[in-house]
Amino acid sequence: PTNLIALGASLARGPDFTAVSLPACLCIALAKLVAMPAVALGVAIAYTRFYPNPIQHPFEEPLLLTFFVVAATPTANNVLVMCTLNGQNRAAMSTAIFVQYLLSPVVLTLTISAFIILMVDYL
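Residues numbered from 1 in each chain as written. Predicted model: local features only at pLDDT ≥ 70, side-chain atom pairs only at ≥ 80, totals over all residues. Heavy atoms only, no water.

So, the packing of helix α2 (residues 22-50) against helix α5 (residues 90-121)
The angle between the axes and the distance between the axes are what describe a pair of packed helices.
Here is step 1: One can describe the packing of α2 onto α5 by two numbers: an axis separation of 9 Å at closest approach and a directional angle of 25°. On the basis of the axis angle, α2 is roughly parallel to α5. The hand of the α2/α5 crossing is right-handed. Residues Cys25, Leu26, Ile28, Ala29, Lys32, Leu33, Val34, Leu41 and Ala44 of α2 form the contact with α5, whose participating residues are Thr95, Ala96, Val99, Gln100, Leu103, Ser104, Val107, Thr111, Phe115 and Leu118.
Here is step 2: For the contact of α2 with α5, the residue count by class is 14 nonpolar, four polar and one charged. (Axes fitted to C-alpha atoms, helices over the stretch in contact; angles between N-to-C directions. Helix = DSSP H or I, 4+ residues; strand = E, 2+ residues; numbered from the N terminus. Parallel < 35°, antiparallel > 145°, perpendicular 65-115°, else oblique. Left-handed = near helix turned anticlockwise from the far one by under 90°. Contact = heavy atoms within 4.5 Å. Nonpolar A, V, L, I, M, F, W, Y, C, P; charged D, E, K, R; others polar.)

Now the structure itself:
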């Protein structure tokens, strides 16, 4: 709860695109919401293909889905708290987190749906 209050206080006047530009925020969001899930997908494929002792069937799909969802979710609010405590640019971090949260309903739905389809058909 304290993390959400800190994020809300940082965004009380809205995102500050003077602290970090919109293209930079979009690149951060692209890296976190698209590139990291792509890496997680690669690791999941490598795991299912090359790991010598795979997890037994009833537990494998939930494990892979959990692994992917953790990689696909936006940056946590505790990063903002760490920036605040270390005297870093809180406005820039809160703006970057805001853009990720703004895009995440659509992007997260698409990436998790794509992962489930790939998991059922190919993994």
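Some remarks on the packing of aromatic side chains
Here is step 1: All chains considered together, the criterion is met by one aromatic pair.
Here is step 2: Relative to Phe115, the ring of Phe68 lies with its centre 4.1 Å away and its plane at 5°, an arrangement referred to as stacked. Here Phe115 lies in helix α5 and Phe68 lies in helix α3 (residues 57-72), a separation of 47 residues in the sequence. (Phe/Tyr/Trp six-rings, centres within 6.5 Å; stacked < 30°, edge-to-face > 60°.)

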